[in-house]
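Coordinate inspection notes
One letter stands for each residue in the lines below.
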Amino acid sequence: MERVTKLASEKPVVIFSKSSCCMSHTIKTLFYDFGVNPAVHELDEIPKGREIEQALLRLGCSPSVPAVFIGGELVGGANEVMSLHLNRSLIPMLRRVGALWV
């Protein structure tokens, strides 16, 4: 859990993902299209990725990926991110944490 907290604080936006997950790809593409440069951790490609995935599940991420942290705080998965985007809350949140400047 401590490792997740440390990784989640390394940049304004951090995404825990799996390279084979279509929803992870969709969420990463959304952030890239906004001009955000998130830290992306592909759990199926990094050492101890399975341990991180278990920690994300304990934090309440279900499914475990994608898991999005903004400003070091867990926002949630694809449903939560898309809900924020559709109700126009996502971009102001990204601006507040310094992930977007315009």
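Please refer to the structure higher up on the page.
Let me begin by describing the structure that accompanies this report. None of the values given here were measured: they were computed from a predicted structure.

**Concerning the packing of aromatic side chains**
All chains considered together, the criterion is met by one aromatic pair. Residues Phe16 and Phe69 carry aromatic rings whose centres are separated by 5.7 Å and whose planes lie at 80° to one another, so their mutual orientation is edge-to-face. With Phe16 in strand E1 (residues 13-17) and Phe69 in strand E3 (residues 67-70), this pair connects stretches of sequence that are 53 residues apart. Here the two residues Phe16 and Phe69 agree in accessibility, since each one is buried.

**Observations regarding the nonpolar core**
Counting residues in each nonpolar core, the largest one holds 17 residues, and the members touching the most others are Val13, Phe31, Ile70, Val81, Leu90 and Leu94. Mapped by element, the contributors of at least two residues to this core are E1, helix H2 (22-34), E3, helix H4 (78-86) and helix H5 (90-96). Discounting residues that sit within four places of it in the chain, Leu90 has contacts with Leu30, Phe31, Phe34, Ile70, Val81, Leu84 and His85. Counting residues in hydrophobic clusters, the runner-up holds 15 residues, among them Phe16, Cys21, Ile52 and Cys61.

**Considerations on the pattern of salt bridges**
This structure, assessed with the given rule, holds three salt bridges. Linking Glu42 and Lys28 is a salt bridge whose minimum nitrogen-to-oxygen distance equals 2.6 Å. Of this pair, Glu42 sits in strand E2 (residues 39-42) while Lys28 is found in helix H2, placing the two residues 14 residues apart along the sequence. The pair Glu42 / Lys28 is uniform in exposure class, with both members buried. Ionic pairing is found between Arg50 and Glu53, a salt bridge with its closest N-O pair at 3.0 Å. Of this pair, Arg50 and Glu53 both sit in helix H3 (residues 49-59), separated by three residues, roughly a single helical turn. A relative accessible area of 54% means that Arg50 is categorised as exposed. Judged by its relative accessible area of 10%, Glu53 is buried. In the salt-bridge network here, residues are joined through shared partners; they are Lys18, Arg50 and Glu53.

Parameters and conventions
Residues numbered from 1 in each chain as written. Predicted model: local features only at pLDDT ≥ 70, side-chain atom pairs only at ≥ 80, totals over all residues. Heavy atoms only, no water. Phe/Tyr/Trp six-rings, centres within 6.5 Å; stacked < 30°, edge-to-face > 60°. Helix = DSSP H or I, 4+ residues; strand = E, 2+ residues; numbered from the N terminus. Buried < 20%, exposed > 50% of the residue type's maximum accessible area, 1.4 Å probe, protein only. Core = buried A, V, L, I, M, F, W, Y, C linked by side-chain atoms within 4.5 Å. Contact = heavy atoms within 4.5 Å. Salt bridge = Lys/Arg side-chain N within 4 Å of Asp/Glu carboxyl O.

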